[in-house]
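So the chains spell out like this:
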Amino acid sequence: MEKYNYVILGAGITGLSAAYHLKNLDYAIFESENRIGGMCKTESINGFLFDYAEHFIRVDDLYVKKIIKKLLKSNVQSQNLNSAIYISGNYTGYPFQTNLFGLPPEIIKECLVGYIKAVYETDKKEIPKNFEEWIYKNFGDGIAKHFMLPYNEKIWNVHPREMNINWFFSDKVVPKGSIEQLIEGAIKKTEEDKQIRWYTVKGGIESLAKSFIPHIKNLYLNEKVVKIIPSKKRVIFGDGKSVEYNYLISTIPLKEFIKIIGDSAPNSVKKASEKLKYNSLLCVNFGVNRDKISDKHWIYFPDKDIVFSRVYFPMNFSSSMVPKGKSSVGAIITYSDKKPINKKNIVKIVQKDLIKTSILKEDDEILIENIVNIKYGFSIPDLNLPKNIDVIQKYLLKNDVHSIGRYGNWEYAGIEHSILDGKNIAEKLK
Ligand SMILES: Cc1cc2nc3c(=O)[nH]c(=O)nc-3n(C[C@H](O)[C@H](O)[C@H](O)COP(=O)(O)OP(=O)(O)OC[C@H]3O[C@@H](n4cnc5c(N)ncnc54)[C@H](O)[C@@H]3O)c2cc1C
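Residues numbered from 1 in each chain as written. Predicted model: local features only at pLDDT ≥ 70, side-chain atom pairs only at ≥ 80, totals over all residues. Heavy atoms only, no water.

Some remarks on the overall build of the chain
The cut-off we apply is this: Only DSSP runs of H or I reaching four residues or more are called helices, and only runs of E reaching two or more are called strands; each is numbered from the N terminus. Put simply, the radius of gyration uses C-alpha atoms, and a globule should come to 2.2 Å times the residue count raised to 0.38. Classification of residues uses two cut-offs on accessible area relative to the type maximum, computed with a 1.4 Å probe and protein chains only: under 20% is buried, over 50% is exposed, and between them is partly exposed.
In terms of regular secondary structure, the chain is built from 13 helices and 19 strands. Computed over C-alpha atoms, the radius of gyration of the chain comes to 22 Å, within 12% of the 22 Å expected from 2.2 N^0.38 for 430 residues, which places it in the range of a compact globule. Principal-axis analysis of the C-alpha atoms places the extent of the chain at approximately 70 × 55 × 45 Å. For the chain, the proportion of its 430 residues judged to be buried stands at 57%.

So this is what it looks like as structure tokens:
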């Protein structure tokens, strides 16, 4: 039986980054699918390219900037994020609280009064017990009622009062804004939120995953892990092959991973894993026979009567994502066991709502319809998540298993995190 000092499970960005940073050490990386990338994959259909959902790279970290430039060379470009919110029939800028201009006056008043009360009347020393309290404390009643609560409840499929506040990894995930910005944004149309994002010039987000290939070795595709025996430090694959390790680095969704360990895991760990909650998502994509249907990268939809939570426009991430003179749009719908969706007719329902929100026209010719279904889309940061993760990770660490990445550590994280997670684990275990 083959043995490696380090065995990496999963060739998404986290696993690829771990392999990259282990350099010439003795490792192998195993991926269940026939191609690498994980969530960072791109479907190509008749000249239209669709990432799995939208993937704009946030690059706050200098090291991440350096490595992406090294990997992608000239295949990377930077842009100002251009996003918007559709609310009760109106479009406004993002973030909501600093772009109230244009909304009905009574909504603006409610938001401003609520915000001022939140700033001056709430006890700042009192730590919010959940995400709902955090929203009220930071934004007040109006902003909570008109955007923060409905949008978050819609995309997470749980009420913010059931969510913890540890999940946003940086202030920029839920931007706040000062009282001056809020008032200015209420009396006039302000500059759009100018956050910088990076994206590939060609090939969609999958090009980023592929750019690791020249720098890594011992990559095995079509190798689905079906069993792990921690006491023997052994991984068994669907085709019967097995390998042994000294250190195991897993990026497989944690809930799935504990199922794979099966009865070898203590009951407390199995119970904690059963309590991990998640949302699945459908990405419904269209290729449209019309130029420039929008200038946005993405738009948020808090209203309940619109089926999707967010739409994105791949053609604005890079012009190479569509044939010349055409447009593309995708819609994200989250669902879970508690909030199932009826997938029958979903393409028609999404198309109808894209027309209702003036993104598509009745007579637009649809050239491509494509659906991507993602089982583990968002891990839900419920109130017990930190406790459950702690129980599971302590057990895994005792067995030299390092479960990392957005799904491996069951967290809200992006590509930047994945690259750093891979780097950090390699440096820790070297
Ligand atoms: C809707 C949505 C939008 C997003 N937008 C952005 C964005 O704009 N910017 C950004 O930076 N990030 C974004 N992200 C997050 C980003 O996609 C992830 O952070 C990142 O891709 C996670 O990489 P990973 O390697 O940790 O996990 P994954 O990409 O899931 O990789 C895990 C790998 O493990 C493999 N695997 C699973 N089970 C097995 C098994 N049994 N045996 C072997 N292999 C297995 C999988 O096939 C997969 O390749 C978004 C995510 C979602 C869901």
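After presenting the structure, the write-up continues.
A short note on the sheet that holds strand β7 (residues 83–87)
Just so we agree on the cut-off: For two strands to pair, DSSP has to find at least two bridges joining them. Every axis corresponds to a line fitted to the C-alpha atoms, with the helix fit spanning only the stretch in contact, and the corresponding angles, defined between N-to-C directions, vary from 0 to 180 degrees. Note on contacts: a residue pair qualifies if any of its non-hydrogen atoms lie within 4.5 Å across the two residues.
Judged by pairing direction, the sheet is mixed, and its 7 strands sit side by side in the order β8-β7-β15-β16-β17-β14-β18 without closing on themselves. With partners counted over all chains shown, the strands left at the sheet margins are β8 (90–93) and β18 (366–379), one partner each. Across the sheet, the mean angle from the axis of one strand to that of its neighbour is 25°, orientation sign disregarded. When strand β14 (residues 278–288) meets β18, the two strands line up antiparallel, connected through 10 bridges. By the bridge assignment for β18, L281 is matched with I374. Along the sheet face, helix α4 (residues 131–156) touches β7, β14, β15 (298–300), β16 (310–312), β17 (327–335) and β18 and points at about 90° away from the line of β18. Across the sheet, helix α10 (residues 346–356) touches β7, β14, β16, β17 and β18, and the angle it forms with β14 is around 70°.

Some remarks on helix α13 (residues 415–429)
Going by this rule: Helix span, as expected, comes to 1.5 Å for every residue beyond the first.
Taking 1.5 Å as the rise per residue, α13 with 15 residues should run 21 Å; its terminal C-alpha atoms sit 21 Å apart, in good agreement. Of all the positions in α13, only I415, E416, S418, I419, D421, G422, K423, I425, A426 and L429 are classed as buried.

A short note on the site of the ligand
The condition is simple: Any residue with at least one heavy atom within 4 Å of a molecule or strand is counted as near it. Two N or O atoms count as a polar contact when they lie within 3.5 Å, although within protein this holds only if one can serve as hydrogen donor and the other as acceptor, and sequence-adjacent residues are included solely when both atoms are side-chain atoms. Residue burial considers only the protein chains on display, and all accessible areas are found by Shrake-Rupley using a 1.4 Å probe. Note on residue classes: Ala, Val, Leu, Ile, Met, Phe, Trp, Tyr, Cys and Pro are nonpolar, Asp, Glu, Lys and Arg are charged, and everything else, Gly too, is polar.
Around the ligand, the surrounding shell holds 32 residues, and the nearest of these are T14, E31, H55, F56 and I415. One of the backbone nitrogen or oxygen atoms of E54 is found 2.8 Å away from a nitrogen atom of the ligand. Contact distances for the ligand include 3.0 Å between a nitrogen atom and a backbone N or O atom of V225. Relative to its unbound accessible surface of 1000 Å², the ligand loses 91% to contact with the protein. Of all elements in the fold, only α1 (13–22), β18, α12 (405–408) and α13 reach the threshold of two or more residues within the shell around the ligand. Top contributing element to the shell around the ligand by residue count: α12, with 3 residues. Of the residues that constitute the shell around the ligand, the class distribution is 14 nonpolar, 12 polar and 6 charged.

Details of the packing of helix α3 (residues 105–121) against helix α5 (residues 179–187)
Stated precisely, the cut-off is as follows: Every angle not falling under 35 degrees, over 145, or within 65 to 115 is termed oblique; those three ranges are roughly parallel, roughly antiparallel and roughly perpendicular.
Relative orientation of the contacting elements α3 and α5 amounts to 170°, with a least axis distance of 11 Å. Viewed along their axes, α3 and α5 adopt a mutual orientation that is roughly antiparallel. Of the residues in α5, those in contact with I108, L112, Y115, I116 and Y120 of α3 are I179, L182, I183 and A186. Split by residue class, the contact of α3 with α5 holds 9 nonpolar, no polar and no charged.

A closer look at the pairing of strand β13 (residues 242–250)
Across 7 bridges, the pairing between strand β1 (residues 2–9) and β13 is parallel. Among the inter-strand pairings, Y4 is bridged to a residue of β13, identified as Y245. Joining the antiparallel neighbours strand β12 (residues 234–237) and β13 is a turn of 4 residues, in which G240 adopts a positive phi near 95°. Judged from the 3 bridges that link them, β13 and strand β19 (residues 401–403) form a sheet pairing that is parallel.

Quick look at the domain arrangement of the chain
Defined as follows: For each domain, the first and last residues come from an automatic or database assignment. By buried area we mean the combined loss of accessible area, with a 1.4 Å probe, across both parts when two parts are placed together. The salt bridge definition used is simple: a Lys or Arg side-chain nitrogen within 4 Å of an Asp or Glu carboxyl oxygen.
As far as domains go, the chain holds domain 1 (2–40 + 61–74 + 201–276 + 381–429) and domain 2 (96–187). The interface is formed by 8 residues belonging to domain 1 together with 11 residues belonging to domain 2. Together domain 1 and domain 2 conceal approximately 790 Å² of surface at their shared face, both sides included; 73% is due to carbon and sulfur atoms. By the criterion of area lost to domain 2, the three top residues of domain 1 are P381, L383 and Y412, representing 75% of everything that side buries. On inspection of domain 1 and its partner domain 2, the count reaches 0 salt bridges. The tally of links between domain 1 and domain 2 comes to 3 residue pairs in polar contact (both at pLDDT 80 or more). Counted by class, the side of domain 1 that touches domain 2 contains 6 nonpolar, 1 polar and 1 charged residues.

Points about the sheet that holds strand β6 (residues 76–80)
One key point about sheets: their strands pair by backbone hydrogen bonds, in either a parallel or an antiparallel sense. Strand order in the open sheet made by the 3 strands is β5-β9-β6, with antiparallel pairing throughout. A single partner strand is all that each edge strand has here, and the edge strands are β5 (57–58) and β6. Bridge count for β5 against strand β9 (residues 196–200) is 2 bridges, and the pairing is antiparallel. Bridge pairing in β9 links I57 to W198.

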